[in-house]
Structures are given as C-alpha cells and as structure tokens.
Amino acid sequence: MPHSQQFELVWDHYISYAVHNESYQSWDDSEAWSGNLFRRYSRSKFLDYLDRATFADTRYPGPFTHYQVICQDHVIDIAALQPPKVRLLGPS
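Along every chain, residues carry numbers that run from 1 in the direction the sequence is written. Confidence filtering applies because this is a predicted model: local features only for residues at pLDDT of at least 70, side-chain atom pairs given and counted only at 80 or more, and all residues used for totals across whole chains, interfaces and linings. Calculation of side-chain values draws on the structure's entire complement of heavy atoms; hydrogens and water are dropped beforehand.

Caption draft 1: Region of interest: the sheet that holds strand β5 (residues 65-70). Taken together, the 5 strands give an open sheet; going across it, the order is β2-β6-β5-β4-β3, and neighbouring strands pair in antiparallel fashion. What marks the edges here is a single partner per strand, and that holds for β2 (14-21) and β3 (32-35). Adjacent strand axes in the sheet meet at a mean angle of 20 degrees, parallel and antiparallel pairs treated alike. Each pair of strands is called paired provided DSSP finds at least two bridges between the two strands. Helix and strand assignments follow DSSP, with helices taken as H or I runs no shorter than four residues and strands as E runs no shorter than two, numbered in order from the N terminus. Strand direction decides the pairing type here: strand β4 (residues 38-43) and β5, joined by 4 bridges, are antiparallel. In the sheet register, Tyr-41 faces β5, and the bridge partner there is His-66. Axis definition: a line fit to C-alpha positions, over the contact stretch in the case of helices; interaxial angles, taken between N-to-C directions, run 0 to 180 degrees.

Caption draft 2: Quick peek at the packing of aromatic side chains. Stacked, edge-to-face and tilted labels apply to pairs of Phe, Tyr and Trp rings (six-membered ring for Trp) whose centres lie within 6.5 Å, assigned for plane angles under 30 degrees, over 60, and everything in between, in that order. Per the stated rule, a full pass over the model turns up 7 aromatic pairs. Here the aromatic rings of Trp-33 and Tyr-41 are separated by 5.5 Å at their centres, their planes lie at 45 degrees, and the arrangement is tilted. The interplanar angle of 25 degrees and the centroid separation of 5.8 Å between the aromatic rings of Phe-38 and Tyr-67 together place this pair among those described as stacked. A residue pair is termed long-range when its members are at least 10 positions apart, and Phe-38 in strand β4 and Tyr-67 in strand β5 qualify at 29 residues. Taken together, the ring pairs in this structure connect Trp-11, Phe-38 and Tyr-67 into an aromatic cluster.

These results come straight from atomic positions and should not be treated as a statement about function.
Next up, the structure:
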C-alpha cells in the first residue's frame, strides 16, 4: 500500500531459512507462537523439520528460535540464535 512501512531485518547468524508462497501456508493447532506478521514460535513444524534434517540443537550452536515473517505474497521462516537487527526504511 502507498503508506505502508518498510523494514529491513538482518540476522547475523542463522541456521536455516525457507521461503514459500503465502497461498500454501497451512494452519496447525499444534504450533505455538506470539506475534502477528512477525512471529516467534515456541513449537512449530519448521522446528520439527530442523530437528530431523540438521544436527543443530541447544548444545551446538546453542539455543535458537524460529521466527516467521508474513509478507504480502510470501512467508519466510528463519531459525536463528538471536533476533534480527531491525531498521525502519520508511513508507513505500
């Protein structure tokens, strides 16, 4: 939208990320998160996937979090040790 805010999110270190079309986002009552368009998950299918597909755990590289950014056309899942650095770029 013409007056929407734009942000830049930068993760210095991440374990994994995935981008998919928002039309294919599914709902799962077993997932737990806080937030709306920027979410922080405590339980998710993405965390389950990382547990099976990688050797990342609380020992190495250390405790990490699943963040999700919901955009107009995409959903971005990020597993990272720290929250992102956020910079306001201004209106579009």
